[in-house]
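Given next are the chains, with one letter for each unit.
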Amino acid sequence: MENAVEPCILQQSPELPDRFSLSSTWERADAQWPSHEQRTLVCCRVLDETHDVRTFVFASEAGQPFSFEPGQFITVSADIEGQAVSRCYTISSPPTRPYTLSITVKRTPGGVMSNWLHANMAAGKKLSAFGPSGIFTPSAGPSRKALYLSAGSGVTPLMAMTRAAFDLGQNCDVVFVHSARTPEDIIFADELAALERISSAFRVIHICEAQGSHGDWQGPIGRLSLDLLKARVPDYREREVFTCGPAGYMDAVRKLLLEGAHDPARYHQESFNFAETVEGVEAAPAPQAGEQRSFMVRLARSGKTFAMAHSETVLAAARKAGVPLPSSCSQGICGTCKTKLLEGTVEMKHNGGIRPREIDKGLRLMCCSKPTSDLVLDL
């Protein structure tokens, strides 16, 4: 007699509190792999998700497990045509599967890193990456009722949160609304459909701008609107909202929710518009009248030195001096340029890319630190 396998219907654990933070399992998610530490990853396999989106699955070269919060990103680095290029990509795999880590990358026209990954990355190939960073995680708004709103490759952090919740058996009440150009452009379509079938508390809504080649497409056509949200998710005001996608999409969603009287305190969006948005080098701010003070910067390990004005960021001055420093977003968000300050003082204004305990240990973000004295860096 053939064995029948029953689908797993997720049950909420009675031990979990009403407002359970998924990330509480990984309170020290950065302990094993700090965001400023570079490691070598080995590609295990490459998966085609859509015609222009691939998932790259990696293991650590040294065999260590990965530790991170669902929704965080890593910064990958590669030498492309003689130039060192770094980009941030959200981790699409969940931390509940710790021996591999995945990034899901859309190939964008003119995108240096995305095109290189699609053309060159294969099983056995190696890639350098800085550790997980980012604050767009479930701990930002723990709740039993959530609304996930994504567009394009913005689905990746929300997919990591979803996969982790399912792996942990949390039957959280989640409505996942994803916008795509056409049905062929929907990333993770089959997996989301399968998850929806096994959990009565998980609901997926796809919105497409056009039907594409799917003449039998039954979902909404157009863009997310307040009327559509009210019709399909009538209790949206009661839900914690997590939003990720292109900047224009997130701006529109925020305005839409404000118009619909959703509580802004329960709204969270990915602050780093990932992948290919930062292609160039930021210009150093021009010194203003009377700002002629300069300081010396010494790199303790390499012995290199350079002078800089106090109106410049350390990262901008280093690039002008031809000194390569790891970086990506250049906005104080990603944490890639995190460096230990051995001597001296800086003025730093960041956007969440560094934690208080890291500042206490002497770390600073070079992209948003301006010197107030001579400096010695642990580089």
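Keep in mind that what you see is a predicted model, and the values were worked out from it rather than measured.

1. Notes on the packing of aromatic side chains
This model, assessed by the stated rule, comprises 6 aromatic pairs. Aromatic pair Phe136 and Phe242: ring centres 5.9 Å apart, planes at 65°, arrangement edge-to-face. Residue Phe136 is located in the loop between β6 (126-133) and β7 (145-151), and its partner Phe242 is located in strand β10 (residues 240-244); the two are separated by 106 residues in the primary sequence. Residue classification places Phe242 among the buried positions, given a relative accessible area of 3%. Pairing Phe166 with Phe202 gives two aromatic rings, centres 5.3 Å apart and planes at 80°, and the pair type is edge-to-face. With Phe166 in helix α2 (residues 155-167) and Phe202 in strand β9 (residues 202-208), this residue pair connects regions lying 36 residues apart in the sequence. When its relative accessible area of 12% is taken as the criterion, Phe166 is described as buried. Note on Phe202: relative accessible area 4%, which makes it buried. One aromatic cluster in this structure is built from Phe136, Tyr148, Phe166, Phe176, Phe202 and Phe242. It is Arg163 that lies over the ring of Phe188; its NZ or CZ is 4.7 Å from the centre.

2. Description of the packing of α2 against helix α3 (residues 189-198)
Where α2 meets α3, the axes come as close as 12 Å, and the angle between the chain directions of the two elements is 35°. For α2 against α3, the interelement crossing comes out left-handed. Of the residues in α3, those in contact with Met159, Thr162, Arg163 and Phe166 of α2 are Glu191, Leu192, Leu195 and Ile198. Residue classes in the contact of α2 with α3 are distributed as 5 nonpolar, 1 polar and 2 charged.

3. Some thoughts on the sheet that holds strand β12 (residues 294-299)
The mixed open sheet is built from 5 strands, whose spatial order is β13-β12-β18-β14-β16. Only two strands of the sheet have a single partner each, and these edge strands are β13 (305-309) and β16 (363-365). The sheet shows a mean angle of 40° between the axes of neighbouring strands, direction not considered. With 3 bridges joining them, β12 and strand β18 (residues 375-377) adopt parallel strand pairing. In the sheet register, Val297 faces β18, and the bridge partner there is Leu375.

4. What to know about unusual backbone geometry
At Phe188, a position not held by glycine, the phi torsion is positive, near 65°. For Phe188, a relative accessible area of 4% puts it in the buried group.

5. Considerations on the pattern of salt bridges
Opposite charge on two side chains allows them to pair when their charged atoms are near. Across all of its chains, the model carries 15 salt bridges by this definition. Among the ionic pairs, Glu209 bridges to Arg223, the shortest N-O distance being 3.9 Å. With Glu209 in the loop between β9 and α4 (226-232) and Arg223 in the loop between β9 and α4, the pair connects residues that are 14 residues apart, well separated along the chain. Overall, the relative accessible area of 42% leaves Glu209 in the partly exposed class. Bridged by salt links that share partners, the residues Lys145, Asp173, Asp235, Glu238 and Arg239 form one connected network.

6. Regarding the environment of Lys106
Mapped onto the fold, Lys106 is located in strand β5 (residues 101-106). C-alpha of Lys106 to C-alpha of Asp52: the two residues are 54 residues apart in sequence and 5.7 Å apart in space. Dropping the residues within four chain positions of it, Lys106 is found in contact with Asp52, Val53, Ser114, His118, Ser153 and Arg181.

7. Structural notes on α2
Taking 1.5 Å of rise per residue, 13 residues should cover 18 Å, and α2 covers 18 Å from first to last C-alpha, within 8% of that figure. The element α2 is extensively covered by neighbouring structure, given that 12 of its 13 residues are classed as buried. A positive phi of about 70° marks Gly169, the residue just after α2.

8. Structural notes on the side chain of His118
With respect to the helices and strands, His118 occurs in helix α1 (residues 112-120). Given the relative accessible area of 7%, His118 is considered buried. Beyond its immediate sequence surroundings of up to four residues, His118 is in contact with Asp52, Val53, Arg54, Phe56, Val105, Lys106 and Arg107.

The rules we used
Residues numbered from 1 in each chain as written. Predicted model: local features only at pLDDT ≥ 70, side-chain atom pairs only at ≥ 80, totals over all residues. Heavy atoms only, no water. Phe/Tyr/Trp six-rings, centres within 6.5 Å; stacked < 30°, edge-to-face > 60°. Helix = DSSP H or I, 4+ residues; strand = E, 2+ residues; numbered from the N terminus. Buried < 20%, exposed > 50% of the residue type's maximum accessible area, 1.4 Å probe, protein only. Lys NZ or Arg CZ within 6 Å of the ring centre and 35° of its normal. Axes fitted to C-alpha atoms, helices over the stretch in contact; angles between N-to-C directions. Left-handed = near helix turned anticlockwise from the far one by under 90°. Contact = heavy atoms within 4.5 Å. Nonpolar A, V, L, I, M, F, W, Y, C, P; charged D, E, K, R; others polar. Pairing = 2+ DSSP bridges. Salt bridge = Lys/Arg side-chain N within 4 Å of Asp/Glu carboxyl O. Expected span 1.5 Å × (residues − 1).

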